[in-house]
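Chain residues, written in single-letter form:
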Amino acid sequence: TLVRTHIIGNQATEGPAGGIQNAGANARLDMRDCLIADNIAATQGGGLLNTQGGANLSTTVTAVNVTFRGNRAQQGAGVFNMGTLRLDESSIFENNATRVDVFSAAGVYNSGDATLANGSRVYGNVASNGTGISVYNGGSFAFVLPLPLGYFMNGVFLCEEEMCEGVGGGMPEP
């Protein structure tokens, strides 16, 4: 459990998980009122890497009022999720995904089960090839209404009056 914790400026120079890695048999991480910022991973999960850790093993991350900002990785610069992820009242912004040969997902790369709820926001992320949020490999991403500042449709967040613009997709800045 992490409460009122700052994880800032860490670097994984040859692999994943610049800030936090949650892995292993039935690993569980609860986070509340945290800042995960300016971390760098050489591959996946600049801010957070949540992996299953093997066949039929589950990992779970619950984040309440957590900010993932300014993290960098090839894929899933803010969050790379292969397990179960729930974001409540959390923000993922200004993350940068650099991989160009596949979709890179600057905000959240999800191939597990993820939920974005209670006013959580994903905006202002930049991906060399991808979007603010991406779902891969049979993953599911649930959005608990109401969504702030717009709505989700066909893989693109639409603003109330105009299409959200900018590389990386996601929601506009609040």
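Residues numbered from 1 in each chain as written. Predicted model: local features only at pLDDT ≥ 70, side-chain atom pairs only at ≥ 80, totals over all residues. Heavy atoms only, no water.

**What about the nonpolar core?**
Judged by nonpolar contacts, the single largest core of 21 residues is most densely connected at Ile20, Met31, Ile36, Leu48, Phe68 and Leu85. Where this core is concerned, the elements lending two or more residues are β5 (28-37), β8 (60-69), β11 (84-88) and β15 (113-117). Non-local contacts of Ile20, meaning those with residues more than four positions away in its chain, are made with Leu2, Ile7, Leu29, Met31, Ile36, Gly47, Leu48 and Leu49. Membership of the second largest hydrophobic core comes to five residues, among which are Ala17, Phe80, Ala105 and Tyr109. (Core = buried A, V, L, I, M, F, W, Y, C linked by side-chain atoms within 4.5 Å. Buried < 20%, exposed > 50% of the residue type's maximum accessible area, 1.4 Å probe, protein only. Helix = DSSP H or I, 4+ residues; strand = E, 2+ residues; numbered from the N terminus. Contact = heavy atoms within 4.5 Å.)

**Side note on the pairing of β15**
The buried fraction of β15 amounts to four of the five residues, a majority that puts the element mostly inside the structure. Relative to β15, β11 runs parallel, the two being bridged by five bridges. Residue pairing in the sheet places Leu87 in a bridge with Leu116 of β15. (Pairing = 2+ DSSP bridges.)

**Focus: the side chain of Asn39**
If you trace the backbone, Asn39 turns up in the loop between β5 and β6 (40-41). Look at Asn39 and you get buried, because its relative accessible area is 0%. There is a polar contact of 3.1 Å between the side chain of Asn39 and the backbone oxygen of Ile7. For Asn39, the residues in contact, after removing those within four places along its chain, are Ile7, Ile8, Gly9, Asn10, Gly18, Gly19, Gly46, Gly70, Asn71 and Arg72. (Polar contact = N/O pair within 3.5 Å; in protein donor to acceptor, adjacent residues only side chain to side chain.)

**Some remarks on the packing of aromatic side chains**
One pass over the full model with this rule turns up two aromatic pairs. Here the aromatic rings of Phe93 and Tyr123 are separated by 5.0 Å at their centres, their planes lie at 0 degrees, and the arrangement is stacked. Here Tyr123 lies in strand β16 (residues 121-123) and Phe93 lies in strand β12 (residues 91-93), a separation of 30 residues in the sequence. (Phe/Tyr/Trp six-rings, centres within 6.5 Å; stacked < 30°, edge-to-face > 60°.)

**Observations regarding the pattern of salt bridges**
Scanning all chains against the criterion turns up three salt bridges. Between Asp30 and Arg28 there is a salt bridge, and its shortest N-O distance comes to 3.1 Å. Its relative accessible area of 25% is what places Asp30 among the partly exposed residues. Between Arg69 and Asp38 there is a salt bridge, with its nearest N and O atoms 3.7 Å apart. Placement of the pair is Arg69 in strand β8 and Asp38 in the loop between β5 and β6, with a sequence separation of 31 residues. Taking relative accessible area as the criterion, Arg69 reaches 24% and is therefore assigned partly exposed. (Salt bridge = Lys/Arg side-chain N within 4 Å of Asp/Glu carboxyl O.)

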